[in-house]
Amino acid sequence: MEVAMPRALKSDKFLIYAPKKSGYWKGKMLIGVNLSHAGEGNELTVQDLLNFLNEKGVDPSAVKIPVTFTTYARA
C-alpha cells in the first residue's frame, strides 16, 4: 500500500510513516502515537486507534502488535 501521509498535526492522536521509496520500510507502514498530540489527557484507547485506522483506510487486521506489547485496562 503506497500512502502519502501528511505530517501529523498536534490534533492527531497517531501518525503513519509510509515511504514510497525502496528500503526496509517500502510496502510497510509504521504506526505510532503522536507524542506532540495536544488532546485531553495523555491516555489513548484501542478504540482511538481503531477510529484512526478507519479514518485512514487501514485494515485493522493488517496491523501487527509486537510480542513485547503490554498495557492495562480499567476493570
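Preceding this paragraph is the structure being described.
Calculation criteria
Residues numbered from 1 in each chain as written. Predicted model: local features only at pLDDT ≥ 70, side-chain atom pairs only at ≥ 80, totals over all residues. Heavy atoms only, no water. Phe/Tyr/Trp six-rings, centres within 6.5 Å; stacked < 30°, edge-to-face > 60°. Helix = DSSP H or I, 4+ residues; strand = E, 2+ residues; numbered from the N terminus. Buried < 20%, exposed > 50% of the residue type's maximum accessible area, 1.4 Å probe, protein only. Pairing = 2+ DSSP bridges. Salt bridge = Lys/Arg side-chain N within 4 Å of Asp/Glu carboxyl O.

> With reference to specific residues and values, describe the packing of aromatic side chains.
This structure, assessed with the given rule, holds one aromatic pair. Measuring from ring centre to ring centre gives 5.4 Å for F14 and F52, while their planes differ by 45°; the resulting arrangement is tilted. Of this pair, F14 sits in strand β1 (residues 14-17) while F52 sits in helix α1 (residues 46-56), placing them 38 residues apart in sequence. Note on F14: relative accessible area 7%, which makes it buried.

> Tell me about the pairing of β1, and name the residues and values.
Residues F14 and I16 point to one face of β1 and are all buried, whereas L15 and Y17, pointing to the other face, are not buried. When β1 meets strand β2 (residues 30-33), the two strands line up antiparallel, connected through four bridges. Of the residues in β2, the one forming a bridge with F14 is V33.

> Describe the pattern of salt bridges, and please don't skip the residues or the numbers.
For the structure shown, the criterion picks out three salt bridges. The residue K13 makes a salt bridge to D48 at a minimum N-O spacing of 3.2 Å. Taken together, the positions of K13 in the segment before β1 and D48 in helix α1 put the pair 35 residues apart, joining distant regions of the chain. Exposure remark for D48: the relative accessible area of 17% places this residue in the buried category. The salt bridge partner of E55 is K56, with a shortest N-O separation of 3.8 Å. The exposure class of E55 is exposed, given its relative accessible area of 59%. K56 gets classed as partly exposed once you look at its relative accessible area, which sits at 34%.

Purely geometric numbers; function is a separate question.
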